[in-house]
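Residue-level structure breakdown
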There are 2 protein chains.
Amino acid sequence: METASSAKLPDGAKARRVYLSLCDQISDGRLCDGETLPGEQKLAEAYSVSRVTVRRALDALSAAGLIEKRIGSGTRVCSKSLTEKRAAMNFNTLMPQLVEMGQSTTARLLSFSYSQPPDYVAQALALNANEKAQIATRVRLADNVPFSHLTTYVPTHIARNYSENDLATTPLFKLLERSGVQIDAAHQSVSASLAGPEVAEALEVAEGSALLSMKRIVRDIDGNGVEYLSGLYRPDMFSLEMPLVRTGKGEARHWEPAIGQTGQDENEQVRP
Amino acid sequence: METASSAKLPDGAKARRVYLSLCDQISDGRLCDGETLPGEQKLAEAYSVSRVTVRRALDALSAAGLIEKRIGSGTRVCSKSLTEKRAAMNFNTLMPQLVEMGQSTTARLLSFSYSQPPDYVAQALALNANEKAQIATRVRLADNVPFSHLTTYVPTHIARNYSENDLATTPLFKLLERSGVQIDAAHQSVSASLAGPEVAEALEVAEGSALLSMKRIVRDIDGNGVEYLSGLYRPDMFSLEMPLVRTGKGEARHWEPAIGQTGQDENEQVRP
DNA sequence: TATTTCTGTATTAAGCTTAATACAACTTTT
DNA sequence: AAAAGTTGTATTAAGCTTAATACAGAAATA
């Protein structure tokens, strides 16, 4: 789940569970920096496992630098390294606020092809049967730490309007709009999912970690699907932040997202 | 991860991983209904495990009713039951659109106490040292299937202004506002995390499943923390949906969430 | 019809995980 | 100074997981 978790993680089922759970709690903030966590004995009881098992989980956490064990004293959380790295995603701009944090962002292209998209994509974009799409998968990194795994699908008849060189330099949306595509609206869906083998490796995260997932379907003014974006984000480096305002009177009083300024989009292409 | 996953899931580390990963893909829509998934042999290679291991994972999925195995033919995804149950959360109202789906919502109170909140909550609400809070944990169910696990923290000096009876009948926000609390703004943070032992049981989900997590900090007009809400949602039954509009001209062109109508809030209290 | 592909079944052995237990060393608290 | 609580270390045995292999039966395909 964490930066150094590409180190080895426990092999067994139970040890792994404990490890991932604690990992998650630390990066989530439920276990704060400096906080002393329950003794091995108590953890063993909490998770209904033996102390040896807890031990293995803690050893892995310690190796990952997430905790600090002190003989006779206890085990402390040590998440300084994490907290600082964490990037927020402003809900308004839908773009990580990396510039403000002085972090550099780079991208790595994992795959690029024109082939047939999976069913759910074809369906979402309302593609003709057997119509191919430009499929690109890339990982974005902040300070050399990967934080997002993005896959985009663009129908070939649209993707044909720009060259691969263009992709290397210009954000996808500008290319589309320059190609005469009239981008109108999009629908975004946020949820959570697990890190599979490939994604886990790409994001340098433990397989089985929780990831924030986003799907975005972009349509032109005629309602035709123009792009399908599927993104996975490391929760320890990324969260969707949104300010809310309580507005309305009486029975109609309710929450509403406060929207604001402008911004770029993170969805840009990179040369293979 | 799924409804029936309270059935038994594989014990081993690897089998479990495969199971959870496939589970996740199905409820996520990456594996569509009716789709035939790769053969056991190919899956074994993809996950770098033996066929026996894949077999155990598939058996569990089959027992959970998520897939259908046909001798000689292959294995098909069978997610009808899921798709229909899925509730969307309208981003504008921040409330699940359950009414529209004709689903009934109930709540179950898991714990209720006045005690000292964890560090990160006290810090977020800027509580005085050792100041206690009303802590309530409850699970919300749609058609008897749990979909959210909510924990709220309210400073005692505020929670004292209403009775436990009030909590049973009236949404928390109305109680707060009736108590003279001037609710102004809130900040919400969306991320992902793993299901721990307790939460997994409460949500009837496999331990180690991915969950959508939300934290909301509510403040009054003086900036004092009034409520801290921590919510975990089953991604197979819940997603955060938000329509977007492409707006602005030239360089300033960007995405913006489209906001709209009113609605109630799901955050209401229930009698112990 | 023949071939390929897939699931179902079975067996074996190696290896690892887990639990249970005991004790030593070190801190903190009483 | 004593007691309680913590991590470190070690041992043992049971049990389970995993991999590797082989073959039978069913379905799709050529």
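Relevant structure appears above.
Residues numbered from 1 in each chain as written. Chains lettered and ligands numbered in written order. Predicted model: local features only at pLDDT ≥ 70, side-chain atom pairs only at ≥ 80, totals over all residues.

**What about the interface of chain A and chain B?**
Taken together, the 60 residues of chain A in the interface contact 60 residues of chain B. For the side of chain A that touches chain B, the secondary structure elements donating two or more residues are helix 1 (13–28), helix 5 (119–125), strand 9 (183–194), strand 10 (210–220), strand 12 (238–247) and strand 13 (254–257) of chain A. Counting residues per element, the side of chain A that touches chain B draws most heavily on strand 9 of chain A, which supplies 12 residues. The residue inventory of the side of chain A that touches chain B, partitioned by class, reads 28 nonpolar, 18 polar and 14 charged. (Contact = placed C-beta atoms within 7 Å. Helix = DSSP H or I, 4+ residues; strand = E, 2+ residues; numbered from the N terminus. Nonpolar A, V, L, I, M, F, W, Y, C, P; charged D, E, K, R; others polar.)

**Thoughts on the relation of the copies chain A and chain B**
When chain A is brought onto chain B, the operation consists of a screw motion whose angular component is 180° and whose axial shift is 0.1 Å, with 0.1 Å RMSD remaining. The symmetry that links the two subunits is that of a two-fold axis. Ranked by how close their C-alpha atoms come to the rotation axis, the residues of chain A are headed by A:Ala13, at 1.9 Å. Comparing contact sets, 100% of the residues at the interface of chain A also lie at the interface in chain B, consistent with an isologous, same-surface contact. (Least-squares fit on C-alpha atoms with pLDDT ≥ 70 in both.)

**Examining the packing of helix 2 (residues 40–47) of chain A against helix 3 (residues 51–63) of chain A**
Residue and element names in this part refer to chain A. Two elements in contact, helix 2 and helix 3, have axes separated by 8 Å at closest approach and are oriented at 105°. As summarised for this structure, helix 2 and helix 3 are arranged roughly perpendicular, according to the angle between their axes. Facing helix 2, whose interface residues are Glu-40, Gln-41, Leu-43, Ala-44 and Tyr-47, helix 3 presents Arg-51, Val-54, Arg-55 and Leu-58. (Axes fitted to C-alpha atoms, helices over the stretch in contact; angles between N-to-C directions. Parallel < 35°, antiparallel > 145°, perpendicular 65-115°, else oblique.)

**Description of the pairing of strand 9 (residues 183–194) of chain B**
Pairing between strand 12 of chain A and strand 9 of chain B: 6 bridges, direction antiparallel. Residue A:Glu241 lies in a different strand from strand 9 of chain B, and its bridge partner there is B:Ser189. (Pairing = 2+ DSSP bridges.)

**Describing the sheet that holds strand 3 (residues 74–77) of chain A**
Residues and elements named next belong to chain A. If you trace the 3 strands from one edge of the open sheet to the other, you get 1-3-2, paired in antiparallel fashion. The open sheet is flanked by strand 1 (36–37) and strand 2 (67–70), the only strands paired with a single partner. Pairing geometry for strand 1 and strand 3, over 2 bridges, is antiparallel. The residue of strand 3 that forms the bridge with Thr-36 is Arg-76. Against the sheet, helix 3 engages strand 2 and strand 3, with an angle of about 115° to strand 2.

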